[in-house]
Amino acid sequence: MFFARILLFFLLLCTAVPALADIKIFITNDVHGHVADNPEKKRIGYARLKALADSARAEGHTVFILDAGDAFSGSAYAQKDKGRSVAKLMGQVGYRVLTPGNHAFDYAASEGPLYYGNELLRLVRENSPGKVDAVAENLTYKGADTPGMVTEPVVIYDETSENKRGLRVIVTGVITPYTVKPGMRQVLKEYDFGLKPTPEDTKKAILERLTHSLAPYDRPEDIVIVLSHLGHAGPQGDRDGRITGPDVAAVPNVDFVADGHSHQAVSPSRQYGAMYANGGRYLEHVMEITLDGKGGDMALRAYDDVAGVVPDRAMAESIRQLDTAWGFAEVLFTSPDDSIFSDRRLRKDSTPLGRLICEGMAKATGAAIALHNPGGIRAGLPGGPVRLRDLHDVLPFGDTLVTADMTGRQIAGILMRGAGHGGRGLPQFYGLTAWAWRDGAGALHVAGLRLADGDPLQPDRTYRVALNGFMARNMDLPTKKDHGTLVDVLEKQLKSGVDAEALRSGKNLYVFTDKTAAEAAWQAGTP
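Not measured: the values here are computed from a predicted model.

J.: Would you mind going over the overall build of the protein in detail, with residue names and values included?
T.: Across its full length, the protein carries 17 helices and 25 strands. On the principal axes, the C-alpha backbone points of the protein span a range of 100 × 50 × 40 Å. Put simply, the protein has 527 residues, and 53% of those count as buried. Partitioning the intrachain contacts of the protein with sequence separation of at least 6 by distance along the chain shows that 74% fall at a separation of at least 24. Total accessible area on the protein is roughly 22,700 Å²; 51% of this is exposed by carbon and sulfur atoms.

Written out as structure tokens, the structure reads:
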């Protein structure tokens, strides 16, 4: 009897001071439609993610799956049906809360401004076994909640009905306020992303909004997770003072920040206040939060960490059927090795991959010059057989190929400022040779340009230029002709033959250490 009383006292003591529940939370970001398991590229895929979650449930954990944005566009599987198949797969995986990223609106121009909320989120919910919420606190439509979404935190786990000191898990989200590019301003004019006149004002408003909305969740037993699509700008923060994911980690009551947008994985740390991590891109990592009797912890799982988990068979088969139905396995050409058409240094140099794309654009349109923004090239091509799926992954946004008349001054200005991608990178180009130098900060400056025949580019002369629709819209260029979807055009060009070695050796950008040397080489027309 004595021992029974001791045992009863111990049980009452345990219930009086509740421990954290045994919960596993898996968080993805910037999947960009890369739904398939890919051991070569170290991508986890949805079938393996589902199996990972199912395995945790089988071990007795309560499991939630969350996403921090940019799931529905950016790969072959996403673009073929404008994200619909990806949405269905996300529902089947069992996502509980989603936050949109800036690419949530990639289809708005063709499908309407409410496509994300009315169609993609609808398909996630219709294919999900449970409830699905979508939240972005700084996003409204016509002054109210965006259809299919909310602007307030979502409680996904709550023990307080049975125990006033029970655990609650709260999830909220933030989208980058810099979502709208110039070419989309009219399409997205009814949206408010929380952008203010200055970066400082924008940051202040968003952080104050979060502070206010999370104020009720100040109990020790409240666990607050912020799904952030703001990005990590390095230890010094954004050089222009823009809000980033680490800024959110300093908001009161926040326990975890699961960030995306910047495509660089960042291991969990408390450097910024709350536990912060960034999952990188393409499901190369998954963030994992564990809440148990020992407290809360966060880990960043890479492909090799979960490679032993057997992908869910039914989902893997669904993805394989998409591959077959869309002809993604068709071989376009054979590449000697995977180093030639790598996507490295796209923003800093002219690359064989960029020249391959731009040469195909010029040949298809008969233009003398071709330009493509580096941000629209999202992957490299493998060595060996290059398949249609690979081409879609390289150019995943379903953009069109257009031609426009531009002066030499306009063309030079694009190269000098990186204007084709908001000033954030040198456009890839064909039909030109450029001489340039880098300053002490590493910025590229163009000294001069020559055409393929060696003649200098004339500032006041007009040239026919091939470029993608994104660039034309951002520069407000009147286009002469729409040549169809860029991927479809390049598919035909690549099937006709690719001289990989010529593209490897066909250097068209010469960079010098100083302005004087660059200008002298340009005047002489020599490397």
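J.: Account for the sheet that holds strand β14 (residues 285-292), naming residues and giving values.
T.: With mixed pairing, the 6 strands of this open sheet are ordered in space as β4-β3-β2-β1-β14-β15. Of all strands in the sheet, those bounded by a partner on one side alone are β4 (133-134) and β15 (295-302). Of the pairings in the sheet, the one linking strand β1 (residues 23-28) to β14 comprises 5 bridges and is antiparallel in character. When the sheet's bridge partners are listed, lysine 24 is paired in β14 with threonine 290.

J.: Tell me about the side chain of glutamine 428, and please be specific about residues and values.
T.: One can find glutamine 428 in strand β20 (residues 428-430). One polar contact links the side chain of glutamine 428 to the main-chain carbonyl oxygen of leucine 346, over a distance of 2.9 Å.

J.: I'd like a rundown of the sheet that holds strand β11 (residues 256-259), residues and numbers included.
T.: With respect to topology, 6 strands assemble into an open sheet ordered β7-β8-β10-β11-β13-β12, the strand pairing being mixed. The strands lining the two open edges of the sheet, one partner per strand, are β7 (154-158) and β12 (265-269). Averaged over all pairs of adjacent strands, the angle between their axes in this sheet comes to 20 degrees, without regard to strand direction. Bridging between β7 and strand β8 (residues 168-175) involves 4 bridges; their strand directions are antiparallel. Counterpart to valine 155 in the pairing with β8 is isoleucine 170.

J.: Report on the packing of aromatic side chains, specifying residues and quantitative values.
T.: The final tally for this structure, using the stated rule, is 13 aromatic pairs. Summarising the aromatic geometry, the rings of tyrosine 107 and tyrosine 115 are spaced 5.8 Å apart at their centres and angled 75 degrees between planes, so their arrangement reads as edge-to-face. Relative accessible area serves as the criterion here: at 4%, tyrosine 107 is assigned to the buried category. For tyrosine 115, a relative accessible area of 5% puts it in the buried group. Aromatic rings pair up to connect Phe72, Phe105, Tyr116, Tyr141, Tyr191 and Phe193 into one cluster.

J.: Could you give an account of the environment of leucine 381, naming the residues involved and the relevant values?
T.: Its location among the elements puts leucine 381 in the loop between β17 (369-372) and β18 (384-387). Sequence separation between leucine 381 and serine 339 is 42 residues; the distance between their C-alpha atoms is 8.6 Å. Those residues in contact with leucine 381, other than ones at most four positions away along the chain, are Phe333, Asp338, Phe341, Leu353, Leu356, Val386, Asp390, Leu391 and Val394.

J.: I'd like to hear about the packing of helix α11 (residues 352-365) against helix α15 (residues 486-495), residue by residue, with values.
T.: Where α11 meets α15, the axes come as close as 9 Å, and the angle between the chain directions of the two elements is 90 degrees. For the element pair α11 / α15, the angle class is roughly perpendicular. Between α11 and α15, the residues in contact are Leu356, Ile357, Gly360, Met361, Lys363 and Ala364 and Leu486, Val489, Leu490, Gln493 and Leu494, respectively. For the contact of α11 with α15, the class distribution of residues is 8 nonpolar, 2 polar and 1 charged.

Rules used in this analysis
- Residues numbered from 1 in each chain as written.
- Predicted model: local features only at pLDDT ≥ 70, side-chain atom pairs only at ≥ 80, totals over all residues.
- Heavy atoms only, no water.
- Helix = DSSP H or I, 4+ residues; strand = E, 2+ residues; numbered from the N terminus.
- Buried < 20%, exposed > 50% of the residue type's maximum accessible area, 1.4 Å probe, protein only.
- Contact = heavy atoms within 4.5 Å.
- Areas by Shrake-Rupley, 256 points an atom, 1.4 Å probe, with all protein chains shown as cover.
- Pairing = 2+ DSSP bridges.
- Polar contact = N/O pair within 3.5 Å; in protein donor to acceptor, adjacent residues only side chain to side chain.
- Axes fitted to C-alpha atoms, helices over the stretch in contact; angles between N-to-C directions.
- Phe/Tyr/Trp six-rings, centres within 6.5 Å; stacked < 30°, edge-to-face > 60°.
- Parallel < 35°, antiparallel > 145°, perpendicular 65-115°, else oblique.
- Nonpolar A, V, L, I, M, F, W, Y, C, P; charged D, E, K, R; others polar.

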